[in-house]
Amino acid sequence: MRFYYRHSRGVTEVVVGKGLPYGDYAERAVVLIEEGLENPLPGAPALVLKGGEGVKSLDALTQVYKFLYEVGADRSTTLVAVGGGALLDLATFAAGTFMRGIRLVQVPTTLLAMVDAALGGKGAVDWGHVKNLVGVFYQPSAILCDLRWVETLPERVYRSAFAEVVKYGVALDGEFYSWLRENVPRLLRREEEALKQAVYRSLRIKASVVEADEFEERGIRNVLNVGHTVGHAVERVLGLLHGEAVAVGIVAEAHLSAEMGYLKDGVVEEIKALLSSFGLPTAVKPGDSELEEARRLLLYDKKRRGDYIYMPLVVRVGKWVLERVKPEEAAKALRYVVY
């Protein structure tokens, strides 16, 4: 299955399948690959780095520049990035800045990276304790989602990705939301056809948002942050997997939307049940100090502008609005998911 989306640099090809022909997309390839993974282009020069958030550093970026320079990379070179979301973020930054831009092919190896980080063209590194402080928008030439990588993912890591998948249905596509509710057992069994549909449809939805607001200038791309205002705070304080924290955030923000008169309570419970059916948490039990730290983080969320946080809220399944919310009200949303 494949499709194309348009952007400022031209067109990106997105392919979803099993056993993809990597060589067809990688002329003059060099590979940036996460430690522990098998190089899909064994004849190409490769730099191996550890995965995880720690790879999004200026030190790691310098290593990539040094590698590209030493192998003689130029603007006809293709950087093939193989790994999880953090490594793909690093690769995007490196490809977008080395010689003012070289060709980039993304090969996400986790389900979360397939449905989220690989598509969108956002690359960044952290600076000090600040996430994604230095970055670029730089679209890849191709995104190759080979489902063979998913077969060996640990169960918890696999399931956590479905928070982002559910987000697309809840906020942007009611039909996809209904399809997910009907296909939970098939997806949990990792059935190839169901998984292919879930990844493909998630990417089509996200691509339509990116096409409409590539550089986050029109407010449309804010919808991709549904569940992330509360989710990011919970993730940082409790150390949950990203998808687990987003699931908690989706529930909290759905309750907030209901309190503001948008969502019906029955829909909130339905969303909560869908997330639970994927084995995702919908509530957390922080200690007093952790709860206070989460509240503090919410007060200084990156989407804050002056006296308000601009939060994307689901108003009914498949529809959303960008709502101005007082930081104190956003912080109160935690009460819906704390037990």
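## Remarks on the side chain of threonine 12
Locating threonine 12 in the fold gives a position in strand β2 (residues 10-17). A distance of 2.7 Å separates polar atoms of two side chains, one belonging to threonine 12 and the other to histidine 7. Beyond its immediate chain neighbours, meaning those up to four positions away, threonine 12 contacts Phe3, Tyr4, Tyr5, His7, Gln139, Pro140, Ser141, Ala142 and Ile143.

## A look at a nonpolar patch on the surface
A cluster of nonpolar side chains, namely Leu58, Trp127, Val130, Leu133 and Val134, defines an oily patch on the protein surface of about 440 Å² accessible area. Broken down by element, the residue count for the nonpolar patch peaks at three residues, all from strand β8 (residues 130-137). Tracing the backbone through its elements, the reader meets valine 134 in strand β8. Look at valine 134 and you get partly exposed, because its relative accessible area is 31%.

## Some words on the sheet that holds strand β10 (residues 304-305)
An order of β10-β11-β12 is seen for the three strands of this open sheet, with the pairing classed as antiparallel. Of all strands in the sheet, those with a lone pairing partner are β10 and β12 (319-325), marking the two edges. Across seven bridges, strand β11 (residues 308-316) lies against β12 in antiparallel orientation. In the sheet register, tyrosine 310 faces β12, and the bridge partner there is arginine 324. Contacts from helix α9 (residues 242-259) reach β11 and β12 within the one sheet, and its direction differs from that of β11 by about 85°.

## Comments concerning the sheet that holds β2
Pairing is mixed in the open sheet, where seven strands are placed in the order β1-β2-β9-β6-β5-β3-β4. Here the strands that pair on one side only, and so sit at the sheet edges, are β1 (2-7) and β4 (46-49). The sheet shows a mean angle of 15° between the axes of neighbouring strands, direction not considered. Bridge count for strand β3 (residues 29-34) against β4 is four bridges, and the pairing is parallel. Looking at the pairing, valine 31 lines up with alanine 46 of β4. Running over the sheet, helix α1 (residues 58-70) touches β3, β4 and β5 (78-83) and is turned about 165° from β4. Helix α2 (residues 85-97) contacts β3, β4, β5 and β6 (103-108) of the sheet and is inclined by roughly 165° relative to β5.

## Here we look at the packing of aromatic side chains
A full pass over the atoms with the stated rule returns six aromatic pairs. Aromatic pair phenylalanine 3 and tyrosine 200: ring centres 5.6 Å apart, planes at 85°, arrangement edge-to-face. Remark: tyrosine 200 occurs in helix α7 (residues 192-212) and phenylalanine 3 occurs in strand β1; sequence separation between them is 197 residues. Phenylalanine 3 gets classed as buried once you look at its relative accessible area, which sits at 4%. We classify tyrosine 200 as buried; its relative accessible area is 15%.

Scoring rules and cut-offs
- Residues numbered from 1 in each chain as written.
- Predicted model: local features only at pLDDT ≥ 70, side-chain atom pairs only at ≥ 80, totals over all residues.
- Heavy atoms only, no water.
- Helix = DSSP H or I, 4+ residues; strand = E, 2+ residues; numbered from the N terminus.
- Polar contact = N/O pair within 3.5 Å; in protein donor to acceptor, adjacent residues only side chain to side chain.
- Contact = heavy atoms within 4.5 Å.
- Patch = residues over 30% accessible without salt bridge, like charges linked within 9 Å, V, L, I, M, F, W, Y side chains within 5 Å.
- Areas by Shrake-Rupley, 256 points an atom, 1.4 Å probe, with all protein chains shown as cover.
- Salt bridge = Lys/Arg side-chain N within 4 Å of Asp/Glu carboxyl O.
- Buried < 20%, exposed > 50% of the residue type's maximum accessible area, 1.4 Å probe, protein only.
- Pairing = 2+ DSSP bridges.
- Axes fitted to C-alpha atoms, helices over the stretch in contact; angles between N-to-C directions.
- Phe/Tyr/Trp six-rings, centres within 6.5 Å; stacked < 30°, edge-to-face > 60°.

Treat this as a map of the structure, not an account of what it does.
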